[in-house]
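Fold and geometry: a report
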Amino acid sequence: MNQTIFDNFIAELNANIRKNYNTIARAFEKEYGWPEVDSVRNEVCKCLICGLYQAAITLTNHLLESVLKKALIIDESAKNKAEQCDITNVFDDATKKYANKNLDFTINQACRKGLITKDEKELLHKFREQYRNAFSHADSQKTFAGNSIHATILTTKDLDNPEAFFKKVFADKPNTTLSAENNVIIQGLIQSIKAEQEAASYFLTIDGVIRDLCSKLFDVNRNEIQNPQLEDLLPM
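Let me sum up the structure you'll find in this document.

1. Some points on the state of the cysteines
- Within this structure, the stated rule accounts for zero disulfides.
- For C50, which is in no disulfide, the shortest distance to another cysteine sulfur is to C47 and amounts to 7.6 Å.
- Among the residues examined, C50 registers a relative accessible area of 34% and is labelled partly exposed.

Here it is in structure tokens:
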């Protein structure tokens, strides 16, 4: 083990944990009361606390897709269930209907069923393009649209020493602006910066939408969400 790398890693964690924890404390400490998705919420929060911002965005994308599909399945199963149902197959029909649907469809369907508002639908469609499609598909045109960085133009002779080359590009007095959309050598750096700046606010917004959805799906106050029981999800 490289002790220096390990010590630097621990030092970086210690420098950021308290600040990051305070940013998402309520979302981390207050469960949805929905075990199937609370584990994902918990991991997103831990990614944010530890400064794993790109991982947090990717997992927030998964959280959103998972919640919408599960909510649609539960909602439809509850409304269509017979007086007597078998827990082994009560969700079968709704699962076949929604499990393979894309995010565009599930957002629209959740709005039609009253699980999210029209404003939330519009916001989620914006995030679908900005974060889900961009990050999950590594679409540089969407991820880096409008992003640029000041840099120094160098010549091919500087390629003899790659490490020194990149230091000169970004450390010397800049003489140009590089667009990130089509320049792969700066995309990793800009994506890291964007994720650090945006991951927490993205997650907290999605978290708020999910808590509103839970209050409708489980008919409880969003601030007092309890663990739902099967009989609560599938009323007689």
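2. Considering the packing of aromatic side chains
- This structure, assessed with the given rule, holds six aromatic pairs.
- Centroid distance Y131 to Y202: 4.1 Å. Interplanar angle 25°. Geometry classified as stacked. Here Y131, found in helix 6 (residues 118–136), pairs with Y202, found in helix 9 (residues 184–217); they are 71 residues apart in sequence, far enough to count as distant. Grouping residues by exposure puts Y131 and Y202 together as buried.
- Three or more aromatic residues joined by ring pairs make a cluster, and in this case those are F127, Y131 and Y202.
- The ring of Y32 carries the charged tip of R41 above its face, separated from the ring centre by 5.6 Å.
- Here the basic side chain of K101 rests over the ring of F105, its NZ or CZ set 5.5 Å away from the ring centre.

3. As for the side chain of D207
- By secondary structure assignment, the location of D207 is in helix 9.
- Side chain to side chain, D207 and Y32 meet in a polar contact 2.7 Å long.
- Sequence-distant contacts of D207, defined by excluding residues within four places in its chain, comprise A27, Y32 and R41.

4. Examining the nonpolar core
- Among the nonpolar cores identified, the biggest contains 46 residues, and W34, L48, L63, I116, F203, L213 and L217 are the most heavily contacted of them.
- Listing elements by their share of this core, those giving two or more residues are helix 1 (3–29), helix 2 (35–49), helix 3 (53–80), helix 4 (92–98), helix 5 (103–112), helix 6 and helix 9.
- Broken down by element, the residue count for this core peaks at eleven residues, all from helix 3.

5. Details of the pattern of salt bridges
- Counted according to the given criterion, the structure contains ten salt bridges.
- Between R132 and E65 there is a salt bridge, with its nearest N and O atoms 2.7 Å apart. Here R132, found in helix 6, pairs with E65, found in helix 3; they are 67 residues apart in sequence, far enough to count as distant.
- The exposure class assigned to R132 is buried, which follows from its relative accessible area of 18%.
- For E65, a relative accessible area of 17% corresponds to the buried category.
- Beyond isolated ion pairs, a larger network of salt bridges with shared partners links D75, E76, K97 and K113.

6. A few points about helix 1
- Between its first and last C-alpha, helix 1 extends only 33 Å over 27 residues, short of the 39 Å set by a 1.5 Å rise per residue.
- Helix geometry: helix 1 is bent most strongly at T23, by close to 60°.
- Among the residues of helix 1, the N-terminal cap falls to N2, whose side-chain oxygen and the backbone nitrogen of T4 are separated by 3.0 Å.

7. Points about the packing of helix 5 against helix 6
- Two elements in contact, helix 5 and helix 6, have axes whose closest approach is 9 Å; the angle formed by their N-to-C orientations is 170°. When the interaxial angle is binned, helix 5 and helix 6 end up roughly antiparallel. Contacts between helix 5 and helix 6 involve L103, D104, I107, N108 and C111 on the former and, on the latter, K118, K121, L124, H125, R128 and R132.
- Residues belonging to the contact of helix 5 with helix 6 are distributed by class as follows: four nonpolar, two polar and five charged.

About the thresholds
- Per chain, residue numbering runs from 1 following the sequence as it is written.
- For this predicted model, a pLDDT threshold of at least 70 governs which residues receive local features, and a threshold of 80 or more governs which side-chain atom pairs are given and counted, while totals over whole chains, interfaces and linings are taken from all residues.
- Note that water and hydrogens are dropped before the side-chain values are worked out from all heavy atoms of the structure.
- Any pair of cysteine sulfurs within 2.5 Å is marked as a disulfide.
- Note on classification: 1.4 Å probe, protein chains only; a residue is buried when its accessible area is under 20% of the maximum for its type, exposed when over 50%, partly exposed between these limits.
- Only rings of Phe, Tyr and Trp enter the pairing, Trp through its six-membered ring, and a pair is recorded when the two centres are within 6.5 Å. The plane angle decides the type: under 30 degrees is stacked, over 60 is edge-to-face, the rest tilted.
- Each helix is a run of DSSP H or I of at least 4 residues and each strand a run of E of at least 2, with the numbering of both proceeding from the N terminus.
- A ring is considered to have a charge above it if a Lys NZ or an Arg CZ atom is located within 6 Å of its centre and within 35 degrees of its normal.
- In protein, a polar contact means a hydrogen-donor-capable atom and an acceptor-capable atom, both N or O and within 3.5 Å, with residues adjacent in sequence counting only if both atoms are side-chain atoms; elsewhere, any N or O pair within 3.5 Å suffices.
- The contact definition used throughout considers only heavy atoms, calling two residues in contact when any of these lie within 4.5 Å.
- As used in this record, nonpolar core signifies buried Ala, Val, Leu, Ile, Met, Phe, Trp, Tyr and Cys residues forming a set joined through side-chain atoms within 4.5 Å.
- Any Lys or Arg side-chain nitrogen located within 4 Å of an Asp or Glu carboxyl oxygen qualifies as a salt bridge.
- Any helix carries an expected span of 1.5 Å times its number of residues minus one.
- Two axes enter the definition of the bend at a residue: one is fitted to the seven residues ending there, the other to the seven starting there, and the bend is the angle between them.
- As a rule, the C-alpha atoms of each element are fitted with a line to give its axis, helices using only the stretch in contact, and angles between N-to-C directions run from 0 to 180 degrees.
- Reported orientations rely on four angle classes, namely roughly parallel under 35 degrees, roughly antiparallel over 145, roughly perpendicular from 65 to 115, and oblique for the rest.
- Think of it as three bins: nonpolar holds Ala, Val, Leu, Ile, Met, Phe, Trp, Tyr, Cys and Pro, charged holds Asp, Glu, Lys and Arg, and polar takes everything else, Gly as well.

That's the geometry; what it means functionally is another story.
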